[in-house]
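# Descriptive analysis of the structure
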Amino acid sequence: VEINLGDLKLIDTPGLIDSTNIVNQLDARELKSITPKKEIKPKSCQIKAGTGSLIIDKFVRIDYDTKTNNSIVIYANNGLDIRFSSLKKDIPEHFIKTKFNLNNKQDIVIPGLGFIKFVGPIKINIYCQEYIKPYSRDNLI
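Residues numbered from 1 in each chain as written. Predicted model: local features only at pLDDT ≥ 70, side-chain atom pairs only at ≥ 80, totals over all residues. Heavy atoms only, no water.

Every other side chain in a regular strand lies on the same face of the sheet, so the side chains alternate between the two faces. Relative to strand β2 (residues 8–11), strand β1 (residues 2–5) runs antiparallel, the two sharing four bridges. Each residue of the ladder has a partner; that of L5, found in β2, is L8. What sits between β1 and β2 in their antiparallel hairpin is a turn of two residues, with G6 showing a positive phi close to 65°. (Pairing = 2+ DSSP bridges. Helix = DSSP H or I, 4+ residues; strand = E, 2+ residues; numbered from the N terminus.)

It should be kept in mind that the predicted coordinates are not to be read in detail where pLDDT is low. Residues of the chain with pLDDT of at least 70 account for 98%, and the chain-wide mean is 86. Here strand β4 (residues 50–56) stands out as the least confident element of the chain, with mean pLDDT 84; strand β12 (residues 135–138) is the most confident, with 94. (pLDDT = per-residue confidence, 0-100.)

In this section: the sheet that holds strand β3 (residues 43–47). With antiparallel pairing, five strands are arranged side by side in an open sheet as β3-β6-β10-β9-β12. Either end of the sheet is taken by a strand with one partner, and the two such strands are β3 and β12. The average angle at which neighbouring strand axes cross in this sheet is 25°, direction not considered. When β3 meets strand β6 (residues 70–76), the two strands line up antiparallel, connected through five bridges. (Axes fitted to C-alpha atoms, helices over the stretch in contact; angles between N-to-C directions.)

On the basis of which strands lie adjacent, the open sheet formed by five strands has the order β7-β4-β5-β11-β8 and antiparallel pairing. The open sheet has two edge strands, β7 (82–85) and β8 (95–102), and neither has a second partner. For this sheet, the mean inter-axis angle between neighbouring strands, taken without regard to orientation, is 20°. Two elements, β8 and strand β11 (residues 122–129), share eight bridges in a ladder whose sense is antiparallel. When the bridges of β11 are listed, N101 appears paired with K123.

Among the nonpolar cores identified, the biggest contains 28 residues, and I56, V60, L113, I116 and I124 are the most heavily contacted of them. Broken down by secondary-structure element, the contributors of at least two residues to this core are β4, β5 (60–66), β6, β8, β9 (106–110), β10 (114–118) and β11. Ranked by residues supplied to this core, first place goes to β11 with four residues. In this structure, L113 is in contact with I22, I34, I56, F59, V60, Y75, A76, N77 and L80, ignoring residues within four places of it in sequence. (Core = buried A, V, L, I, M, F, W, Y, C linked by side-chain atoms within 4.5 Å. Buried < 20%, exposed > 50% of the residue type's maximum accessible area, 1.4 Å probe, protein only. Contact = heavy atoms within 4.5 Å.)

What follows is about the pattern of salt bridges. Across all of its chains, the model carries five salt bridges by this definition. K9 serves as the salt-bridge partner of E2, at 3.3 Å between the closest nitrogen and oxygen. Take E2: its relative accessible area is 52%, and that puts it in the exposed class. Given the relative accessible area of 48%, K9 is considered partly exposed. The salt bridge involving E30 is made with K58; its shortest N-O contact spans 3.1 Å. With a gap of 28 residues between them, E30 in helix α1 (residues 28–34) and K58 in the loop between β4 and β5 connect regions that are remote in the sequence. K58 sits in the partly exposed class, given a relative accessible area of 45%. (Salt bridge = Lys/Arg side-chain N within 4 Å of Asp/Glu carboxyl O.)

See the structure below:
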């Protein structure tokens, strides 16, 4: 794609396709449902000691087992159905589990969907489709 800016010409070339990014695996309707249409409003909450799950639409389930309270902030499209559940429901067959033992102030990134900021140490299991590869990083915010 060529972009002319007066005497300057920029050429934008296609990048590499990342097969572990959810964006590259969805059809047009699903892609529209995860794409932010306006500024993302972070959703924050306090996780109480005990067990529970964070469910992000039909794409991801995060099970946490913590002995202390923890604060989290979710950065994802405002239109996604994000909810907490104290009940651990059956895991869909096509989901695979990834374990994380997060230190203080780490994020979990779900490529193409968003990220979750954890304030304190926590052990979590993330269940998602095999083409989604979540990873941890130090907090950016």
